[in-house]
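So the chains spell out like this:
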Amino acid sequence: MKDVLKKPDSFFSVFERKGGPDLASTHYCPGCGHGNIHKLIAEALEDLEIADRTVFVSPVGCSVFGYYYFKTGNVQSAHGRAPAVATGIKRALPHSIVISYQGDGDLAAIGGNEILQAANRGESLTVIFVNNAIYGMTGGQMAPTTLIDQKTTTTPYGRSVENEGNPMLVAELLSVLKSPVYIERCTLEDTKNIMKARKAIRKALQNQIDNKGFSLIEILSPCPTGWKLEPVDARQWLIDNMVKVFPPGVYKNDADRPARPIKPRPVLTAAQINKALGHEDKGKSAAAKIPPGFGTHELICAGFGGQGVLLLGQLLTKSGMYEHKHVSWLPSYGPEMRGGTANCHVVVSGHRIGTPYVTEPTLLVAMNQPSLEKFAPIVRPDGMIVYDSSFVRDVNLPAGIRAVPVPFSALANEKLDNPRVANIIAAGAVIGLTGIVQADTMRALIRELPKKQLIEPNLKALDVGLKSVEHIASPTTV
Amino acid sequence: MAKQLVKGNEAIVRGAILAGCRAYYGYPITPASEIAETAALLMPLVGGTFLQAEAEIGAINMVYGAASTGQRVMTASSSPGISLKQEGISYCAGAELPCVVVNINRGGPGLGNIAPEQSDYFQMTKGGGHGSYRLIVLAPNSAQEMCDLTMKAFELADKYRNPAGILTDGYIGQMMEPVDFPEPLERLPEKAWAVKATAETTNNLISSILISAEELEKHVLKLKAKYDEIERTEVLFEEYRTEDAEYLAVAFGILSRVMMTAIDLAREEGIKIGLFRPITLWPFPKKPLGAWTGRARAILVAELSTGQMIEDVKLAVACKPPVDFYGRSGGMVPTPQELLQVIRKLREDHP
Ligand SMILES: Cc1ncc(C[n+]2csc(CCOP(=O)(O)OP(=O)(O)O)c2C)c(N)n1
Ligand code: SF4
């Protein structure tokens, strides 16, 4: 064992961050357990030669000033959140040794979820959980670990099972989880037990060095000030009262799990990043610039969910983009969402687009009767309606609006034996009727489809769509 | 590079990755979940971290931890989730940690609904969390800006060691538009202050606790000086058809897009109105908007709330000219025709 008087190098020799006249002693009260535990940790960091790569996380509680003492990286965190903060650090710095040092209010009350989840994720961390059965920093209020009948400032008549429930058993609770590698409860009651705690802390750190996962050491620790006892009496109170409720021992030990290699975070070149994101230059499309006088086309494409109206809209939008037109696509969202039907708004324009939300469409593509009934009344007087006449019966369309019935679904079944391409037939019809994009642009787009077996049927469907309106009109509005 | 057609929410993540962000921590909530889903898909491909946190509180604290190491890191959520993140955002500001927080504003208060609102303007720009801090807030109104302003947010966050936010709505998030993705940043700013688990950084401390009153006041004043500098130098805004404008509309996010269309319609009727669009909500473009004092006959502030940004507009122009308000809530987004009516009335009331 080391010379007990020598401060380990992982401890600052002078506590300059503490300020005030006495820079040699800690801010802890006489007889407080925090000091003992700090020392055990500091010695372990030195002996394991990991101080340089250690980050000490101190959330709120009496130990919030951990950074006064530990000559390691220090991150002070919000009350209860140390396991989440430690997670962020560890994931960013896989080589680091991260210690989350938490009190019982911090860990078992406000931070109950953070510790539970970090343990369950098996985060490779070392958690030191100081159980002193009270809130020290805020002046002696009840902790989740306060004993039954124990008086605190917020249980002036003593904690009762009826009102506050039983003391929280953290080591027991977390040990039922599968992921943690090591959970032990120790006490600071005497030298023998302090030596046990010393060993446990080292083991918990070694587990992290070996990247084995989550280790937590709960330590029963005196708080003479909170308990309103002299230091000597506080130790006795701990022995007489706490140890029975919180039995020391190893609650979980999977330490013979194999060590896992620590993978450094890869650093990618710009070219690798572009490749990963699919941002490589695919070259500009050869299509023409915006024809002069090209106005603004505002479409609503609507139908049953599953008819592919969103894709229909996207293909038209994308074709417009390839032709360097201004485009936007907006799916039904929020108040527009209704069960079973889907729609999207598409704008293809020669100018910068204001609202992407179409309120007075120049063109309605309706793939079923409800969509036709819903949107036909808002089509602009000079607008057009194209609808799937395979499904639609007796429709009452607004007077004066040009309406083109095309049996998209019937054509898909009869000509292509594939009901799923009705939307592409519709795309062909839209292009044939309006010329908002060129058929060749859409053909190029279809050829880029990731599923190769879909290319041919879709190209055919597009032609069927173009043909279906050939007799009606050539592209009018440009 | 050729343009890509992507959703605004996806453009945020792609922009973040291009800006060197390599960690995303978040919790699902509509209409922001796609950001998490896109990050889950893309982060692993660039050696980054994606982790679905236990809640928004966990997520922002994971962000705090990652930011402590100097990593570029982000989280995204929608209104109720942003409420939960406020303590963490305040801690980031106090400890001077750069990070990016995206808010796809939904309807509130309480659970509200998932439709677009702009009712988190106060929450984002006026603090939200405790203490004297500021969040830099950018308000994109297109998919391209979702990418560009996310990149900008990382740049500003690092430059000022302060969290930066994106405030936008479900429409801008859901909408697909062409995006020209810039080249990835290869060199990021050095962060000598960060805790990197190395011998050189063992003296580094990330903390927002300053027990002595003198020390904390000094720290707060240092932050204040930084915020003053941001207000002086980082204001962004856009004007649309304002050259000869007699009336001015002020709007951001989706409403600025609807307003552009309404302005086109109004101009067809001979109403000379233009749009002033703040891009930085904080720092609010006080000066450029203030230049309209005495220039416009009246100002119309339109918001998807019962009126929040209007307070900043009124301050900026000292209520000269008169400032009218049009607001919708609950996800009710006005049509350009509805806004046109409001503009007509504005002219009638202030001839
Ligand atoms: C959000 C929040 N709530 C409450 C507090 C006040 N607070 C500070 S420390 C503390 C309890 C600390 O007790 P414990 O974790 O047991 O640590 P100890 O001081 O006993 O070591 C509380 C409630 C806070 N800082 N932040
Ligand atoms: S109040 Fe208790 S826990 Fe805090 S320093 Fe004093 S004895 Fe230690």
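A quick note: this is a predicted structure, and the numbers were derived from the prediction, not measured.

**Observations concerning the domain arrangement of chain A**
Partitioning chain A into structural domains gives domain 1 (34–253) and domain 2 (270–477). Taking only C-alpha atoms, the centre of domain 1 of chain A and the centre of domain 2 of chain A are 61 Å apart.

**Thoughts on helix H6 (residues 143–160) of chain B**
Residues and elements named next belong to chain B. For H6, which comprises 18 residues, the first-to-last C-alpha distance of 26 Å matches the rise-based estimate of 26 Å (1.5 Å per residue) to within 8%. In terms of burial, H6 is largely enclosed, as 14 of its 18 residues are buried. Just beyond H6, the residue with positive phi is Arg 161, at close to 50°.

**Let's talk about the interface of chain A and chain B**
With 71 residues of chain A in contact, the opposing surface of chain B contributes 72 residues. At the boundary of chain A with chain B, total buried surface from both sides reaches about 5900 Å², with 62% on carbon and sulfur atoms. Applying the counting criterion to the chain A and chain B interface returns three salt bridges. A salt bridge links Glu238(B) to Arg352(A), with the shortest nitrogen-to-oxygen separation between them at 2.7 Å. Where chain A packs against chain B, one counts 27 residue pairs in polar contact (both at pLDDT 80 or more).

**Comments concerning the site of ligand 1**
Contacts to ligand 1 come from 17 residues, most closely from Cys62(A), Asp104(A), Asp106(A), Gly136(A) and Met137(A). In this structure, ligand 1 is bordered by residues of chains A and B. A distance of 3.2 Å separates an oxygen atom of ligand 1 from a polar atom in the side chain of Asn132(A). Relative to its unbound accessible surface of 590 Å², ligand 1 loses 77% to contact with the protein. For the shell around ligand 1, the element with the highest residue contribution is helix H3 (residues 104–110) of chain A, accounting for four residues. Per-class residue counts for the shell around ligand 1 are six nonpolar, eight polar and three charged.

**Overview of the domain arrangement of chain B**
Residues and elements named next belong to chain B. Each assigned domain of chain B is listed with its residue range as follows: domain 1 (3–233) and domain 2 (238–349). Centre-to-centre separation of domain 1 and domain 2, based on C-alpha positions: 28 Å. The interface is formed by 31 residues belonging to domain 1 together with 28 residues belonging to domain 2. When domain 1 packs against domain 2, the two sides together hide about 2500 Å² of surface, and 56% of this comes from carbon and sulfur. Applying the counting rule to domain 1 against domain 2 returns four salt bridges. Here Lys 126 and Asp 312 are joined by a salt bridge, their closest N and O atoms 2.7 Å apart.

**Examining the sheet that holds strand E4 (residues 126–131) of chain A**
Paired through their backbone hydrogen bonds, the strands of a sheet run either parallel or antiparallel. Spatial ordering of the open sheet is given by E7(A)-E5(A)-E6(A)-E4(A)-E3(A)-E1(A)-E2(A)-E10(B), a layout of eight strands whose pairing is mixed. Of all the strands in the sheet, just strand E7 (249–253) of chain A together with strand E10 (205–206) of chain B have a single pairing partner and so form its edges. Where helix H7 (residues 191–209) of chain A meets the sheet, it contacts strand E3 (97–103), E4, strand E5 (182–187), strand E6 (215–220) and E7 of chain A, and its direction lies at approximately 160° from that of E5(A).

**Some words on the side chain of Ser390(A)**
All names here are of chain A. Residue position: Ser 390 is located in the loop between strand E12 (384–388) and strand E13 (402–406). The class of Ser 390 is buried, set by a relative accessible area of 18%. Within the local environment of Ser 390, its side chain forms a polar contact with the backbone nitrogen of Ser 409, the two atoms lying 3.3 Å apart. Among the polar contacts listed, one links the side chain of Ser 390 to the backbone nitrogen of Ala 410, at a separation of 3.2 Å.

**Overview of the site of ligand 2**
The environment of ligand 2 is formed by Tyr28(A), Cys29(A), Cys32(A), His34(A), Cys62(A), Asn132(A), Gly136(A), Cys223(A), Pro224(A) and Thr225(A). Here the residues of the shell around ligand 2 are counted per class, giving six nonpolar, four polar and no charged.

**So, unusual backbone geometry**
Residue and element names in this part refer to chain B. With omega at 0°, the peptide bond leading from Trp 282 into Pro 283 counts as cis. In this fold, Pro 283 is placed in the loop between strand E14 (280–282) and helix H10 (286–290). Going from Lys 320 to Pro 321, the amide bond is cis rather than trans, its omega being 0°. Locating Pro 321 in the fold gives a position in the loop between helix H11 (309–317) and strand E16 (323–327). Located in the positive-phi region is Glu 96, a residue other than glycine, with phi close to 55°. Within the secondary structure, Glu 96 is located in the loop between helix H4 (79–94) and strand E5 (99–107). Residue Glu 96 is classed as buried on the basis of its relative accessible area, which comes to 8%. Phi is positive for Ala 197, close to 55°, though the residue is something other than glycine. In this structure, Ala 197 sits in the loop between strand E9 (176–179) and E10.

About the cut-offs
- Residues numbered from 1 in each chain as written.
- Chains lettered and ligands numbered in written order.
- Predicted model: local features only at pLDDT ≥ 70, side-chain atom pairs only at ≥ 80, totals over all residues.
- Heavy atoms only, no water.
- Domains from an automatic or database assignment.
- Helix = DSSP H or I, 4+ residues; strand = E, 2+ residues; numbered from the N terminus.
- Expected span 1.5 Å × (residues − 1).
- Buried < 20%, exposed > 50% of the residue type's maximum accessible area, 1.4 Å probe, protein only.
- Contact = heavy atoms within 4.5 Å.
- Buried area = accessible area lost by both parts, 1.4 Å probe.
- Salt bridge = Lys/Arg side-chain N within 4 Å of Asp/Glu carboxyl O.
- Polar contact = N/O pair within 3.5 Å; in protein donor to acceptor, adjacent residues only side chain to side chain.
- Near = heavy atom within 4 Å.
- Areas by Shrake-Rupley, 256 points an atom, 1.4 Å probe, with all protein chains shown as cover.
- Nonpolar A, V, L, I, M, F, W, Y, C, P; charged D, E, K, R; others polar.
- Pairing = 2+ DSSP bridges.
- Axes fitted to C-alpha atoms, helices over the stretch in contact; angles between N-to-C directions.

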